[in-house]
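Fold and geometry: a report
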Amino acid sequence: MKPVKIGVLGLGTVGCGSVTVLTRNAEEIARRAGRKIEVSMAAVRDLDRARICNTEGIRLTTDPFEVANDPEVEIVLELMGGTELAREVVLQAIAEGKHIVTANKALIAIHGNELFSKAQEMGVMVAFEAAVAGGIPIIKAIREGLAANQINWLAGIINGTGNFILTEMKERGRSFENVLTEAQELGYAEADPSFDVEGTDAAHKLTILASIAFGIPLQFEKAMTEGITKITTQDVSYAEELGYRIKHLGVARMSSGGVELRVHPTLIPERQLIANVDGVMNAVLVMGDAVGPTLYYGAGAGDEPTASAVVADTVDVVRALTSDPENRVPHLAFQPDALTDIPILPIEEIKTAYYLRISVEDSPGVLAEITKILGDEEINIESFMQKDVEGEGVNENSSSWVPIILLTKVCREGRMNRAIAAIETLDCVAGEVMRIRVESLD
Ligand code: NAP
Ligand code: HSE
């Protein structure tokens with residue numbers, strides 16, 4: 001049988017990683033796919049840039065549409081990133097009857113509904129395993145391996161850069177900026193690294209996971225997103241004293257009124273396996289009604305780990321080239337006409353426990369004022385810790401300020417928002433209250 005020709009959009013970290021893996025493991029991959037796979041052309045921005053992969057035999061162009069329109073190319077790997085140009089090129093490739101493999105979570109989270117519907121019309125596949133959690137086959141696990149289950153909730157560390165930063169801050173006391181620069185050099189970070197540290201990238205991935213877990217359309221704009229930029233090394237060590245680790249977590253939960261969809265820094269009990277997932281590693285915990293909790297762990301970013309998922313999708317597409325389009329695995333796990341419109345809950349309605357760090361004046365009665373506000377909102381305190389005055393210093397009026405740390409029991413976010421707003425107006429409180437959500441994941 002003739003080799004399948006593929007065209008690659010982008011020869012950066014993931015594009016080059018994919019070419020390298022396809023070349024190095026060509027024989028084994030052909031035995032698995034049933035046909036040889038050949039990269040015939042690739043689009044890049046700069047033809048003169050040195051590449052970390054061997055591009056011999058690959059026709060290079062600066063026009064991605066040339067790849068999308070090439071009659072010989074049967075599968076297009078979209079590995080250039082971005083949303084608008086990527087959407088146009090992918091739509092063009094679909095219109096030309098080509099199958100798509102992409103690692104681009106922003107593209108899927110924002111334009112996935114449109115792309116899947118066009119792909120359905122054309123009878124082609126859009127595969128996106130590499131878009132979530134790097135090399136971990138989490139899409140396949142949920143979409144196929146857990147197909148018997150009602151998924152109750154899932155929670156994951158799904159941004160490698162963010163986890164790498166938090167780990168280095170905790171283990172080596174390194175500064176945020178310094179670790180971010182290293183993550184960029186290692187090829188982990190997005191082209192715009194604010195996507196990693198502000199939680200946007202994790203929200204893209206969580207949006208995709210929620211859709212395949214609950215059978216709902218992709219709704220990125222409704223995800224609540226908070227990044228790790230406000231986390232200090234103090235918070236990391238206070239959390240540790242309380243028996244917790246701070247992780248940037250994506251949580252999607254089916255509850256009675258709708259679906260929770262949120263990414264934010266989270267205190268997790270240190271006994272939980274996921275609390276010990278460090279560096280660029282990712283992990284996703286999925287709770288199914290039949291199977292119970294299952295945990296998936298692996299590298300969340302980087303050239304070859306991501307290529308592992310890109311190439312696996314490519315093999316799946318090659319295997320399916322001859323199969324009936326009606327009987328392929330649906331893009332979002334559920335048949336397109338069986339998606340439901342369960343609402344995404346407003347963040348005010350979700351319930352979690354909270355870690356609060358409050359800088360207060362070191363004088364009598366302060367704690368009573370704060371606990372009264374919490375009590376008025378029916379928020380119970382789980383534990384309390386007061387740190388030394390040196391930790392916070394002395395303000396411009398020479399008053400002493402000390403950090404107090406409160407862990408609360410589970411309460412509604414709306415109540416906590418009101419309590420925090422009231423606490424921040426107290427004269428005995430300085431600056432903003434630091435709030436980190438707590439998940440027991442039991
Ligand atoms: P990257 O290293 O910046 O590579 C991007 C590639 O796309 C470069 O080769 C660039 O060409 C090419 N490109 C960009 N715009 C182009 C245009 N208009 N026309 C032609 N070529 C263009 O990015 P990456 O880290 O590989 O990420 C690629 C995608 O994978 C993104 O969607 C990202 O979110 C996703 N992803 C990345 C990782 C990771 O660990 N890095 C993991 C999972 C998913 P030049 O080289 O000539 O500039
Ligand atoms: N920038 C992403 C991360 C790449 O750090 O997780 C993998 O999706």
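Residues numbered from 1 in each chain as written. Chains lettered and ligands numbered in written order. Predicted model: local features only at pLDDT ≥ 70, side-chain atom pairs only at ≥ 80, totals over all residues. Heavy atoms only, no water.

A closer look at the overall build of the protein chain
Keep this limit in mind: Under the scheme used here, helices are H or I runs from DSSP no shorter than 4 residues and strands are E runs no shorter than 2 residues, and both carry numbers assigned from the N terminus. Using C-alpha atoms as the atom set, the radius of gyration is obtained and then compared with a globule rule of 2.2 Å times the number of residues to the power 0.38. The rule is simple: take the accessible area with a 1.4 Å probe, protein chains only, and divide by the maximum for that residue type; under 20% is buried, over 50% is exposed, in between is partly exposed. By definition, residues are in contact when any of their heavy atoms lie within 4.5 Å. A 1.4 Å probe and the Shrake-Rupley method give the accessible areas. Residues count as covered only by the protein chains that appear here. Neither His nor the chain termini are counted; the positive set is Lys and Arg, and the negative set is Asp and Glu. Note on charges: their place is set at NZ of Lys, CZ of Arg, CG of Asp or CD of Glu.
A count of helical and extended segments in the protein chain gives 14 helices and 17 strands. By the compact-globule yardstick of 22 Å for 442 residues, the protein chain fits well, its C-alpha radius of gyration being 24 Å. Counting the 442 residues in the protein chain, one finds 56% classified as buried. In the protein chain, once contacts between residues fewer than 6 apart in sequence are set aside, the share between residues at least 24 apart is 74%. Working note: accessible area of the protein chain is about 18,900 Å², and carbon and sulfur atoms make up 48% of it. Positive and negative charge centroids in the protein chain, built from 40 and 65 side chains respectively, lie 5 Å apart.

A closer look at the site of ligand 1
Quick note on the threshold: The nearness test applies per residue and asks whether one of its heavy atoms lies within 4 Å of the molecule or strand. Polar contacts, as counted here, are pairs of nitrogen or oxygen atoms within 3.5 Å of one another; within protein the pair requires one atom able to donate a hydrogen and one able to accept it, and residues that are adjacent in sequence qualify only if both atoms are side-chain atoms. The classification used treats Ala, Val, Leu, Ile, Met, Phe, Trp, Tyr, Cys and Pro as nonpolar, Asp, Glu, Lys and Arg as charged, and all other residues, Gly among them, as polar.
Taken together, 25 residues form the shell around ligand 1, and within it D46, R49, R51, E190 and G302 come nearest. A distance of 2.9 Å is found between an oxygen atom of ligand 1 and a backbone nitrogen or oxygen belonging to R45. The contact in question runs from an oxygen atom of ligand 1 to an N or O atom on the backbone of D46, over 2.8 Å. About the coverage of ligand 1: the protein hides 86% of its 900 Å² of free accessible area. For the shell around ligand 1, a count of residues per class yields 11 nonpolar, eight polar and six charged.

A few points about a nonpolar patch on the surface
Stated formally: Each patch is built from residues that are more than 30% exposed by relative accessible area and take part in no salt bridge. Like charges join if they lie within 9 Å; nonpolar side chains (Val, Leu, Ile, Met, Phe, Trp, Tyr) join within 5 Å. What makes a salt bridge here is a side-chain nitrogen of Lys or Arg within 4 Å of a carboxyl oxygen of Asp or Glu, nothing more.
Taken together, the side chains of L367, I381 and F384 define a hydrophobic patch exposed on the protein surface, amounting to about 220 Å² of accessible area. Among the secondary structure elements, L367 is positioned in helix α13 (residues 366–376).

Some points on the sheet that holds strand β3 (residues 59–61)
Threshold: Pairing between strands requires that DSSP locate at least two bridges from one strand to the other.
Spatially, β3-β2-β1-β4-β5-β6 is the arrangement adopted by the six strands of the open sheet, whose pairing is parallel. Among the strands making up the open sheet, the edge pair consists of β3 and β6 (126–127). Strand direction decides the pairing type here: strand β4 (residues 75–78) and strand β5 (residues 99–102), joined by four bridges, are parallel. Within β5, the residue paired with I75 across the bridge is H99.

Some thoughts on unusual backbone geometry
Within the chain, A333 stands out as a residue other than glycine whose phi angle is a positive 75 degrees. Even without a glycine there, the phi angle at L441 is positive, about 55 degrees. If you trace the backbone, L441 turns up in the segment after β17 (429–438). A relative accessible area of 9% places L441 in the buried class.

Focus: the side chain of H99
Turning to its location among the elements, H99 is positioned in strand β5. A polar atom in the side chain of H99 sits 3.0 Å from the backbone nitrogen of M125. Excluding residues that lie within four positions of it along the chain, H99 makes contacts with E74, I75, V76, G123, V124, M125, V317, L321 and R328.

A closer look at the site of ligand 2
Ligand 2 sits among K105, N159, G160, T161, Y188, A189, E190, D196, D201, K205, G300 and A301. A distance of 2.7 Å is found between a nitrogen atom of ligand 2 and a side-chain nitrogen or oxygen belonging to D196. The separation between an oxygen atom of ligand 2 and a polar side-chain atom of K205 is 2.8 Å. Isolated, ligand 2 exposes 250 Å² of accessible area, and the fraction of that covered by the protein chains is 94%. A breakdown of the residues in the shell around ligand 2 according to their chemical character gives three nonpolar, four polar and five charged.

Overview of the pairing of strand β13 (residues 351–361)
Along β13, nine of the 11 residues are buried, which leaves the element largely enclosed by surrounding structure. Taken together, the two bridges between β13 and strand β16 (residues 411–412) define a ladder with antiparallel strand orientation. Bridge assignment links K351 to a residue of β16, and that residue is R412. With seven bridges connecting them, β13 and β17 associate as antiparallel partners. In the strand pairing of β17, S359 is matched with A430. With seven bridges connecting them, β13 and strand β15 (residues 401–408) associate as antiparallel partners. Opposite E361, over in β15, you have W401 as the bridge partner.

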